[in-house]
Amino acid sequence: MKELIEAIVRALVDKSDEIQIEEVIGEHAHVLELRVAKEDLGKVIGKGGSHASAIRTILAAASGKDRKRYVLEIIEH
């Protein structure tokens, strides 16, 4: 899943070398913590959260195959 999120985010940001994704495995869900450059944060979130919502929808659809629950958190650097 990390590779999927990274590929999507890489297409949105200018500073792709500053993308960091950490996976925190919990009891009920896997949390993917996404960090990008401060200047790219708005591009990842999108107007009204549209990009973030779309990324989460794709993540939910792809995670159904693994039978695991994934949560995406976008964290400011």
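Keep in mind it's a predicted model, so treat the numbers as computed, not measured.

Secondary structure assignment for the protein yields three helices and three strands. N-terminal to C-terminal, the α/β element order of the protein is α-β-β-α-α-β. Its C-alpha atoms give the protein a radius of gyration of 12 Å, within 12% of the compact-globule value 11 Å for 77 residues. If one aligns the C-alpha atoms of the protein with their principal axes, the spans along those axes are about 35 × 20 × 20 Å.

Here the focus is the pairing of strand 1 (residues 20–25). Where strand 1 meets strand 2 (residues 30–36), six bridges bridge the pair, whose relative direction is antiparallel. In the sheet register, Val 24 faces strand 2, and the bridge partner there is Val 31. Hairpin connection between strand 1 and strand 2: a loop of four residues separates the two successive antiparallel strands.

Cut-offs applied
Residues numbered from 1 in each chain as written. Predicted model: local features only at pLDDT ≥ 70, side-chain atom pairs only at ≥ 80, totals over all residues. Heavy atoms only, no water. Helix = DSSP H or I, 4+ residues; strand = E, 2+ residues; numbered from the N terminus. Rg over C-alpha atoms; globule rule 2.2 N^0.38 Å. Pairing = 2+ DSSP bridges.

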